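Reading the structure
In case you want the letters, here they are:
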Amino acid sequence: MWTIPNQITLFRIILIPIFLIIFYLPLSWSHFGAFAVFWLAAISDILDGYLARKLNQSSAFGAFIDPVADKLMVVVALVMIAQDYSSWLISIAAIIMIAREVFISALREFMSSIGKRDVIAVSNMGKYKTAAQMLGIMGLIWRPDYDIPLILFYLPHEVINYLSYGFYSIATVLTVTTWVSYFKAAWPELKAQ
């Protein structure tokens, strides 16, 4: 049970209260610090999946706890963003994303109970949704209000903001698209039951 990938996943869960505390600290760098913690969590998600395959350490516990850790971090971040921006567009998108996660989790549980989980296996579109969601959330958490120096050129903060809103919007559209797609794939089984 305590394989390296599972330890990394549990580390990601431990990062959630750290992420929250840093975000709400009354310091000038609190948003950047929260962004860094969220980025670390996203990297650890990629790493634990890679190590589980590479070290042949996949487990039933890992298959259960990994998506729980992912969804907890994303839901916490979406709630924080909605509260921080106080924008109905950001909030509605956050509600759509959270609702989709709850619905698809319940759908996967049901499909597993009838031995048909493969019918709604993660699709490429679902992976694109996750990538856009992570990039959008990270940018909206960071919320830079200063120019960002990069190695080869200076990136104005407005560009980061536009990219963040762009990825967040793409993630919202892909959230709805994959939601409908998974439901359509599962519908024959739901109807049969």
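Keep in mind that this is a model prediction, so the values were computed, not measured.

**Some words on the packing of aromatic side chains**
Summed over the entire model, instances satisfying the criterion amount to 11 aromatic pairs. Aromatic pair Trp2 and Phe61: ring centres 6.2 Å apart, planes at 65 degrees, arrangement edge-to-face. With Trp2 in the segment before α1 (4-24) and Phe61 in helix α3 (residues 60-85), the pair connects residues that are 59 residues apart, well separated along the chain. Among the aromatic residues, those joined into a ring-pair cluster are Phe103, Trp179, Phe183 and Trp187. We note Arg108 situated over the ring of Tyr182; from NZ or CZ to the ring centre the distance is 5.1 Å. A cation over an aromatic ring shows up here: Arg143 above the ring of Tyr85, its NZ or CZ 4.0 Å from the ring centre.

**A word on the environment of Ala121**
Following the sequence through the fold, Ala121 ends up in the loop between α4 (88-113) and α5 (124-142). Through-space distance from the C-alpha of Ala121 to that of Ala185 is 9.9 Å; in sequence the pair is 64 residues apart. Residues contacting Ala121, with those up to four places away along its chain left out, are Arg108 and Tyr182.

**Structural notes on the nonpolar core**
Grouped together as the largest cluster of nonpolar side chains are 32 residues, with contacts concentrated most on Phe19, Phe38, Ile137, Ile141 and Tyr168. Within the residue set of this core, elements represented by two or more residues are α1, α2 (30-54), α3, α4, α5 and α6 (157-192). Here this core gets 9 residues from one element, more than from any other, and that element is α3. If sequence neighbours within four positions are ignored, Tyr168 has contacts with Leu78, Ile90, Ala93, Ala94, Met97, Ala132, Gly136 and Leu140. One finds Ile104, Met111, Ile120 and Tyr182 within the second-largest nonpolar core, a separate group that totals 6 residues.

**Looking at the pattern of salt bridges**
All chains considered together, the criterion is met by 9 salt bridges. Residue Arg12 is joined to Asp45 by a salt bridge in which the shortest nitrogen-to-oxygen separation is 3.5 Å. Of this pair, Arg12 sits in helix α1 while Asp45 sits in helix α2, and the two are 33 residues apart along the sequence. Judged by relative accessible area, which is 2%, Arg12 ranks as buried. Look at Asp45 and you get partly exposed, because its relative accessible area is 21%. In this structure, Asp66 and Arg12 form a salt bridge, with 2.6 Å as the shortest nitrogen-oxygen distance.

**A few points about α4**
Look at α4: 37 Å from first C-alpha to last across 26 residues, which is about the 38 Å you get at 1.5 Å a residue. Among the residues making up α4, those that are buried are Ile90, Ala93, Ala94, Met97, Arg100, Glu101, Ile104, Leu107, Arg108 and Met111. Close packing links the buried residues of α4 with α3, α5 and α6. Once α4 finishes, Gly115 follows within two positions and takes phi at roughly 75 degrees, a positive value.

Scoring rules and cut-offs
- Residues numbered from 1 in each chain as written.
- Predicted model: local features only at pLDDT ≥ 70, side-chain atom pairs only at ≥ 80, totals over all residues.
- Heavy atoms only, no water.
- Phe/Tyr/Trp six-rings, centres within 6.5 Å; stacked < 30°, edge-to-face > 60°.
- Helix = DSSP H or I, 4+ residues; strand = E, 2+ residues; numbered from the N terminus.
- Lys NZ or Arg CZ within 6 Å of the ring centre and 35° of its normal.
- Contact = heavy atoms within 4.5 Å.
- Core = buried A, V, L, I, M, F, W, Y, C linked by side-chain atoms within 4.5 Å.
- Buried < 20%, exposed > 50% of the residue type's maximum accessible area, 1.4 Å probe, protein only.
- Salt bridge = Lys/Arg side-chain N within 4 Å of Asp/Glu carboxyl O.
- Expected span 1.5 Å × (residues − 1).

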